[in-house]
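Single-letter residue listing:
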Amino acid sequence: MKNILVTGGTGFIGSHTCFSLLSEGYNVYAIDSLVNSSKKSLLYIEEIFRSRDIDISNKLRFFEGDIRKKDFINYIFKTALKEKKPIDGVIHFAGLKAVAESVIKPLNYWENNVFGSYNLIKSMKENNCKTIVFSSSATVYRFSSDNLLSEDNQLKPINPYGSTKLAVENLLNDITQDANGNWKIAILRYFNPIGAHESGLIGENPLNKPNNIFPIIINSAYTKEKLKVFGNDWPTKDGTCIRDYVHVMDLADGHIKALDFLLRNKTQLIKLNIGTGIGHSVLDLIKTFENANNVSVPFEFDERREGDVCQLVADNSKAKSILNWSPAKSLKEMCIDGWKWKNTNPKGYM
Ligand code: NAD
Ligand code: UD1
């Protein structure tokens, strides 16, 4: 069975993807600096398997460390080799992701996201591992509200976070020309991942105040504090912005399919949107959450948020045809699973 290095493995998407990798029988080497996560997510993953009478203790290894340190990454490659489980491929989640913070701390973002990725890629080359799936974002696109966004859409990020994602995409593009290349690369541009594993044991656990709508909805349902809906005068059916929310387990599945595709196929670079192709307004999301969970989500309208765009929905046809991937979970399931996570772990991984 293949051995996979997962950077950012204790984070929101990383932990769910570790779960899916283990379910598919992969051996996982997870690394994380824990700057925005807790290693308890991996303990809960073990617990989910234990409840199914499956022992994964020798299939999941965790190493705390920072991808800005190349020696640390090299150490993982060497350890895996010593354990006769040479790393076959990397899924690269590690990075900082708070848009507003990236505006006031751009150097942090370039150092973590770009320099960190550069180190990882250099270490991969030194250790002769040339298969990587990279977490990019719809935020790299120049937004045009009228259409579904396809991978050919013009690129123009509007904040440092987005610039760092595009910079890593460019680096990955460039290394395909490397004379000693043979790189196999999948760049996945996620739309809006939400939800949690259906057990409610793992989920999104932002260490700082969340900025994204879904954890804010969960908090508001829990505390009954009013959330602010940013703008009710957008040119949409109900005046609120439209997004493409995708269940985190469908997203995890997209990574497994991308990795599997790369491992089975020749040297190449693919760029794929990972979204459902269906747009929902902020009010749709709030109402679906309320109905699915029989709770109220108090809210009020506020000004538009600076830098927001009216509509962001994926054209996901390429991922569907190339990977044979298809999102299976509905908005209602995303809401049910997210709420279950909150009620199972009201304080996150405390
Ligand atoms: P997350 O913060 O939960 O996970 C990222 C993980 O990376 C965290 O566990 C953090 O501790 C770790 N990390 C950060 N810098 C590191 C470093 N230098 N060395 C080692 N570990 C480091 O975020 P997430 O939502 O799981 O996002 C995962 C990836 O997907 C990120 O790269 C993010 O930019 C990208 N992405 C996320 C979304 C989203 O809405 N969640 C959307 C598009 C893209
Ligand atoms: C934001 C980031 C984007 C990043 C993505 C995933 C901005 C401008 N964009 O995108 O770069 O890739 O998160 O991390 O920050 N909303 C409210 N009230 C709130 C919070 C959000 O009404 O308190 C609305 C927003 O206006 C938006 C929708 O909810 O219409 C979704 O917001 P959010 O979850 O932040 O995602 P994006 O805006 O898509």
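Residues numbered from 1 in each chain as written. Chains lettered and ligands numbered in written order. Predicted model: local features only at pLDDT ≥ 70, side-chain atom pairs only at ≥ 80, totals over all residues. Heavy atoms only, no water.

Regarding the packing of helix H1 (residues 12–23) against helix H2 (residues 40–51)
Here is step 1 of the chain: At a closest axis distance of 10 Å, the pairing of H1 and H2 adopts a crossing angle of 35°. For the pair H1 and H2, the sense of crossing is right-handed. Within the contact between the two elements, H1 uses Ser15, Cys18, Phe19, Leu22 and Ser23 and H2 uses Ser41, Ile45, Ile48 and Phe49. (Axes fitted to C-alpha atoms, helices over the stretch in contact; angles between N-to-C directions. Helix = DSSP H or I, 4+ residues; strand = E, 2+ residues; numbered from the N terminus. Left-handed = near helix turned anticlockwise from the far one by under 90°. Contact = heavy atoms within 4.5 Å.)

Observations regarding H2
Here is step 1 of the chain: If you check H2, its first and last C-alpha atoms are 16 Å apart, about what twelve residues at 1.5 Å a residue would give, namely 16 Å.
Here is step 2 of the chain: Turning to H2, its buried residues are Ser41, Leu42, Ile45, Ile48 and Phe49. For H2, the buried positions fall inside an angular range of 110° around the axis, keeping them on one side. Opposite its buried face, H2 presents the exposed residues Leu43, Arg50 and Ser51, each directed more than 90 degrees away. (Expected span 1.5 Å × (residues − 1). Buried < 20%, exposed > 50% of the residue type's maximum accessible area, 1.4 Å probe, protein only. Arc of directions from axis to C-beta.)

So, the side chain of His16
Here is step 1 of the chain: Structurally, the position occupied by His16 is in helix H1.
Here is step 2 of the chain: There is a polar contact of 3.1 Å between the side chain of His16 and the backbone nitrogen of His197.
Here is step 3 of the chain: Discounting chain neighbours no more than four positions away, the residues touching His16 are Ala196, His197, Ile202, Gly203, Val248, Met249 and Ala252. (Polar contact = N/O pair within 3.5 Å; in protein donor to acceptor, adjacent residues only side chain to side chain.)

Some remarks on the packing of helix H3 (residues 70–82) against helix H5 (residues 106–126)
Here is step 1 of the chain: Running from N to C, H3 and H5 point in directions that differ by 40°, and their axes come no closer than 9 Å. Regarding the angle of H3 to H5, the classification is oblique. The hand of the H3/H5 crossing is right-handed. Each of Lys70, Ile73, Asn74 and Phe77 in H3 lies in contact with H5, whose residues at this interface are Asn119, Leu120, Lys122, Ser123, Met124 and Glu126.
Here is step 2 of the chain: Class assignment of the residues belonging to the contact of H3 with H5 gives a composition of four nonpolar, three polar and three charged. (Parallel < 35°, antiparallel > 145°, perpendicular 65-115°, else oblique. Nonpolar A, V, L, I, M, F, W, Y, C, P; charged D, E, K, R; others polar.)

Here's the deal with the pattern of salt bridges
Here is step 1 of the chain: Evaluation of the coordinates by the stated rule reveals 16 salt bridges.
Here is step 2 of the chain: When the shortest N-O distance is used, the salt bridge between Glu83 and Arg61 registers 2.1 Å. A residue pair is termed long-range when its members are at least 10 positions apart, and Glu83 in the loop between H3 and strand S4 (89–92) and Arg61 in strand S3 (residues 60–64) qualify at 22 residues.
Here is step 3 of the chain: A residue is classified by how much of its surface remains accessible, and Arg61, at 30% relative accessible area, is partly exposed.
Here is step 4 of the chain: With a closest N to O distance of 2.7 Å, Glu169 and Arg189 form a salt bridge. Here Glu169 is found in helix H6 (residues 160–175), whereas its partner Arg189 is found in strand S6 (residues 184–190), with 20 residues between them in sequence. Like Arg189, Glu169 is buried.
Here is step 5 of the chain: Each of Asp66, Arg68 and Glu111 takes part in salt bridges that share partners, so that together they form one network. (Salt bridge = Lys/Arg side-chain N within 4 Å of Asp/Glu carboxyl O.)

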